[in-house]
There are 2 protein chains.
Amino acid sequence: MAPPLQTSAFLSPGLGVHPSRQADLQRCLLCDQRDANLCSGLDKQGLAALAQSSKRLVLPPGTTMVEEGEPAVSFFNVTQGTVKLFKSLPDGRRQITGFADPGQFLGLSPSDVYSFGAETVDTVQVCRFQRPQLEGLLSDFPVFERNLLVAVTDRLAEAQEQMLLLGRKTAKEKVASFLLDRLQAHERAQATAAAHDHDEPAATTEHVASVPMTRIDIADYLGLTIETVSRTISALRREKIIANMENHYIQILAPATLRQIASGQQNG
Amino acid sequence: MAPPLQTSAFLSPGLGVHPSRQADLQRCLLCDQRDANLCSGLDKQGLAALAQSSKRLVLPPGTTMVEEGEPAVSFFNVTQGTVKLFKSLPDGRRQITGFADPGQFLGLSPSDVYSFGAETVDTVQVCRFQRPQLEGLLSDFPVFERNLLVAVTDRLAEAQEQMLLLGRKTAKEKVASFLLDRLQAHERAQATAAAHDHDEPAATTEHVASVPMTRIDIADYLGLTIETVSRTISALRREKIIANMENHYIQILAPATLRQIASGQQNG
DNA sequence: CGATAGATTGATACATTTCAAGTGAAGTGG
DNA sequence: CCACTTCACTTGAAATGTATCAATCTATCG
């Protein structure tokens, strides 16, 4: 099952890193997501190996990254933008199982074909790994494998939370939960950007949710129809719990209230 | 599929296993689940370490194994029976996120407190690990860590399938999918038992689903009410797709039809 | 044998879907 | 520069699948 690869030291630290690989390593060293999830805790040698084994891609909105049933040859780490993961029924009904924001991986599958599809929501940057090289990295760098284990565990916990939402929450509770998720996603993005700008983290007095996806995607994520999503968002706006902003952002006026709604302690 | 078994005599005295640990090692060597998931591919040293670090427990039906919010101190590997995992809302609404049948683990959590609850459905046998010892095992035995990574990945894929069910399937499709899951669970159990009996695998001409859980559990797993579950099962019985057996077993008369229903290609 | 828990069945209610129409913004071509 | 299309979204009215409320049945167990 797991080929126990030898940890051959193919890049002696400190000594001459292959010139043509310098650019690769730089890419990792300067990456926004360098200390996030998969890539955290790696020494220079590990980072160099990661850099060598991956390729950075920029993908326009609506790009299919993974198709259900196709051979699972690639593995991705998202560094910018949002990717939607989904499963479909033969008649076209679709369930979005999650959104992969910067710092998250995608592409693991229990078999040799993908068990899900993936498509970019907006413009997305990823690091792409090929399967065999990924397995080598896992074997060679225990920290990397541990990071992946932790990341998959996180995703599993998220999936369980989403099952609670899908199975037991009302439309209003679903939308409230979603907006809070997107608030958190935006806050994380802000924090990451601030850290790399060396700027002071601007005191977040405004609560803003990043919602780059369409109503169709939201509906397919929450197990609702687009009409119900639209109506529910309108209702929250009428109740002054949220407010419209530019294109793909929503302001959260009453986060505490929204949290109460999301956890089923208030019906508004 | 079949893991490469060690063919060596399983207790060569030369290897100096500590005498007081012999019983522990025997427990692992004779375990039904020895070659399943987490415990597969381990050499004798690894198996001995596993045996030493874990304790076998037998738990009666309805035992709380894990409570949401409590410190995540234990990790379990199920060797017999079925455990239900769930998340709840403050007002008591509950979603069962999965059933852990023999060979499956439970107890991983992204933080230091459990993000879910777990309770035995019937009489359950588990191997219990304490957190610190588990981490030691993961670090010491790469095969073990890889097994866990594979197992968590499997569970994540299952969770995604269940999200599709919860968000997009009708009551009838949900129940059909559930019965097929339970058919597979029973078939796996049969296969395991047969392998350890050294008996020929009895030609499975009858398709039987093992359903040890109550209607309440089924409803909380499928995002339905007990009434809807009951009505739907009755409808399938009326249509001669399934038939009643003793207490907690259901016979599948038309597996192909059930599969079509489960995947949304037929409404019956 | 009565008590209790699990399961079934029926009648009604309701949350969400479905069907339908309409709005507004962005892009296109004459 | 302005009709015209398109796409995402919103809103309304009617339909429906599942939930809720309620009664009954069955099996197990003290």
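Numbers given to residues run from 1 along each chain, matching the order in which its sequence is written. Going through the entries in the order they are written, you letter the chains from A and number the ligands from 1. Given that the model is predicted, a residue must reach a pLDDT of at least 70 before its local features are reported, and side-chain atom pairs must reach 80 or more before they are shown or counted; all residues, however, enter totals for whole chains, interfaces and linings. As a rule here, side-chain values cover all heavy atoms of the structure and leave hydrogens and water aside.

Visitor: Before we go on, may I ask you to explain the relation of the copies chain A and chain B in this structure?
Guide: The operation relating the two chain copies consists of a rotation about an axis and a shift along that axis. A residue counts toward the fit only if its pLDDT is at least 70 in both copies, and the copies are then superposed by least squares on the C-alpha atoms of those residues. For the pair chain A and chain B, the relating rotation is 180°, the translation along its axis is 0.0 Å, and the fit reaches an RMSD of 0.0 Å. When the rotation and shift are considered jointly, the pair of chain copies conforms to a two-fold rotation axis. Here 96% of the interface residues in chain A have copies in chain B that are interface residues too; the copies meet face to matching face. Note on contacts: a residue pair qualifies if any of its non-hydrogen atoms lie within 4.5 Å across the two residues.

Visitor: What is the right way to look at the interface of chain A and chain B in this model?
Guide: Interfaces are often described in size by the accessible area the parts lose on coming together. Taken together, the contact between chain A and chain B spans 48 residues of the former and 48 residues of the latter. Accessible area that two parts lose when put together, with a 1.4 Å probe and added across both, is what the buried area reports. Summing the contributions of chain A and of chain B, the shared interface buries around 4200 Å²; its carbon and sulfur component is 63%. Salt bridges are defined by distance alone: a side-chain nitrogen of Lys or Arg within 4 Å of a carboxyl oxygen of Asp or Glu. There are 8 salt bridges connecting chain A and chain B. Among the ionic pairs, Glu173 of chain A bridges to Arg93 of chain B, the shortest N-O distance being 2.8 Å. Two N or O atoms form a polar contact when they lie within 3.5 Å of each other; inside protein one atom must be a possible hydrogen donor and the other a possible acceptor, and for residues adjacent in sequence the pair counts only when both atoms belong to side chains. For the interface between chain A and chain B, the tally reads 18 residue pairs in polar contact (both at pLDDT 80 or more). We count a stretch as a helix when DSSP gives it H or I for four or more residues in a row; a strand needs E for two or more, and each element gets its number in order from the N terminus. Among the elements of the structure, β4 (83-88), β5 (94-100), α3 (131-140), α4 (142-168) and α6 (215-222) of chain A are those that each provide at least two residues to the side of chain A that touches chain B.

Visitor: What is the right way to look at the sheet that holds strand β3 (residues 74-80) of chain B in this model?
Guide: Either a parallel or an antiparallel arrangement is found when strands of a sheet pair, and the pairing is made through backbone hydrogen bonds. Residue and element names in this part refer to chain B. Here a strand pair is declared whenever DSSP counts at least two bridges between the two strands. Spatially, the 4 strands line up as an open sheet ordered β1-β8-β3-β6, and their pairing is antiparallel. In this open sheet, the two edge strands, each paired with only one partner strand, are β1 (54-59) and β6 (105-106). With 2 bridges joining them, β3 and β6 adopt antiparallel strand pairing. Of the residues in β6, the one forming a bridge with Phe76 is Leu106. The strands touched by helix α2 (residues 44-53) are β1 and β8 (124-130); relative to β1, the strand with the most contacts, the crossing angle is about 55°. Axes here refer to lines fitted to C-alpha atoms; in helices the fit is confined to the stretch in contact. Angles between the N-to-C directions go from 0 to 180 degrees.

Visitor: Help me understand the environment of Ala49 of chain A in this model?
Guide: In this fold, Ala49 of chain A is placed in helix α2 (residues 44-53). In sequence terms Ala49 of chain A and Asp24 of chain A are 25 residues apart; their C-alpha atoms lie 9.3 Å from each other.

Visitor: What exactly am I supposed to notice about the protein's contact with DNA strand C here?
Guide: When at least one non-hydrogen atom of a residue lies within 4 Å of a molecule or strand, that residue is treated as near it. Ala171 and Thr228 of chain A together with Arg215, Arg231 and Ser234 of chain B are the nearest of the 15 residues found near DNA strand C. Take the atoms of DNA strand C that sit within 4 Å of the protein: sugar and phosphate atoms are 60% of them. Taking Thr225 of chain A, its side chain carries an N or O atom lying 3.2 Å from a phosphate oxygen of DNA strand C. Listing elements by their share of the surface near DNA strand C, those giving two or more residues are α7 (226-238) of chain A together with α7 (226-238) of chain B. Broken down by element, the surface near DNA strand C gets its largest block of residues, 5 residues, from α7 of chain B.

Visitor: How do you make sense of the side chain of Asn147 of chain A when you look at a structure like this?
Guide: By secondary structure assignment, the location of Asn147 of chain A is in helix α4. Categorising residues by exposure relies on relative accessible area from a 1.4 Å probe, with only protein chains included: less than 20% of the type maximum marks a residue as buried, more than 50% marks it as exposed, and the intermediate range marks it as partly exposed. Residue classification places Asn147 of chain A among the buried residues on the basis of a relative accessible area of 14%.

Visitor: Mind showing me how you'd approach helix α3 (residues 131-140) of chain B here?
Guide: The α-helix winds at 3.6 residues per turn, so residues separated by three or four positions along the chain end up facing the same way. When α3 of chain B is considered as a whole, its buried residues turn out to be Leu134, Leu137 and Leu138 of chain B. Along the long axis of α3 of chain B, the arc covered by the buried residues comes to 100°, so they all point the same way. Turned more than 90 degrees off the buried face of α3 of chain B, the exposed positions are Pro132 and Asp140 of chain B. Looking at the buried residues of α3 of chain B, the elements they touch are α4 of chain A together with α2, β3, β8 and α4 (142-168) of chain B. Note that the arc is computed from the directions linking the helix axis to the C-beta atoms.

Visitor: Honestly, the side chain of Arg155 of chain A in this entry has me stumped. Any pointers?
Guide: Mapped onto the elements, Arg155 of chain A comes out in helix α4. Beyond its immediate stretch of four places on either side in the chain, Arg155 of chain A contacts Leu85, Phe99, Ala100, Gln104 and Phe105 of chain A together with Leu156 of chain B.

Visitor: Help me out: how do you make sense of the pattern of salt bridges in this one?
Guide: Between side chains of opposite charge, a pair can form when the charged atoms approach closely. All names here are of chain A. The tally for this structure, following the rule as stated, stands at 27 salt bridges over all chains. Linking Lys84 and Asp217 is a salt bridge whose minimum nitrogen-to-oxygen distance equals 3.0 Å. On the criterion of sequence distance, the pair formed by Lys84 in strand β4 and Asp217 in helix α6 is long-range, its members being 133 residues apart. Residue classification places Asp217 among the buried positions, given a relative accessible area of 5%. The closest approach of N and O atoms between Asp217 and Arg94, which form a salt bridge, is 2.9 Å.

Visitor: Please clarify how the protein's contact with DNA strand D should be interpreted in this entry.
Guide: Taken together, 15 residues lie around DNA strand D, and Arg215, Ser230, Arg231 and Ser234 of chain A together with Thr228 of chain B are the ones closest in. Looking at DNA strand D alone, sugar and phosphate atoms form 63% of those within 4 Å of the protein. In this structure, a phosphate oxygen belonging to DNA strand D sits 2.4 Å away from a side-chain N or O atom of Thr228 of chain B. Take the surface near DNA strand D: its biggest share by element is 5 residues, from α7 of chain A. Tallied by class, the residues present in the surface near DNA strand D amount to 2 nonpolar, 7 polar and 6 charged. Under the convention adopted here, Pro, Cys and the residues Ala, Val, Leu, Ile, Met, Phe, Trp and Tyr are nonpolar, Asp, Glu, Lys and Arg are charged, and Gly plus all remaining residues are polar.

Visitor: For this particular structure, what's the right way to read the pairing of β5 of chain A?
Guide: Residues in a regular strand point their side chains to alternate faces of the sheet. All names here are of chain A. Buried residues dominate β5, accounting for 7 of its 7 residues. In this sheet, β5 lies alongside β4 in antiparallel orientation, the contact comprising 6 bridges. Counterpart to Lys87 in the pairing with β5 is Gln95. In sequence, β4 turns back onto β5 through a hairpin of 5 residues, with Gly92 there showing a positive phi of about 105°.

Visitor: Looking at this structure, I do not really get α4 of chain A. What am I missing?
Guide: By definition here, a helix of n residues has an expected span of 1.5 Å times n minus one. Here α4 of chain A spans 39 Å end to end across 27 residues, near enough to the 39 Å set by a 1.5 Å rise per residue. Of all 27 residues making up α4 of chain A, 20 are buried, and the element is well covered by its neighbours.

Visitor: Is there a simple way to think about the state of the cysteines in this case?
Guide: Between two cysteines, a covalent bond joining their sulfur atoms is known as a disulfide. All names here are of chain A. Disulfide assignment relies on a single distance test, namely cysteine sulfur atoms paired within 2.5 Å. Here the structure, examined in full by the defined rule, presents 0 disulfides over all chains. Here Cys31 stays unpaired: no disulfide links it, and the sulfur of Cys127, its closest cysteine neighbor, is 5.8 Å away. In this structure Cys39 is not part of a disulfide, and its nearest cysteine sulfur, from Cys28, lies 6.0 Å away. The class of Cys39 is buried, set by a relative accessible area of 13%.

Visitor: Sorry if this is basic, but what is going on with the packing of α3 of chain A against α4 of chain A here?
Guide: A pair of packed helices is captured by two measures, namely the crossing angle of their axes and the spacing between those axes. Residues and elements named next belong to chain A. Their axes nearest at 5 Å, the elements α3 and α4 cross at an angle of 110°. Compared by their axis directions, α3 and α4 come out roughly perpendicular. Residues Leu134, Leu137, Leu138 and Asp140 of α3 pack against Pro142, Phe144, Glu145 and Leu148 of α4. The residue makeup of the contact of α3 with α4, split by class, is 6 nonpolar, no polar and 2 charged. We call two directions roughly parallel when the angle between them is under 35 degrees, roughly antiparallel when it is over 145, roughly perpendicular when it lies between 65 and 115, and oblique otherwise.

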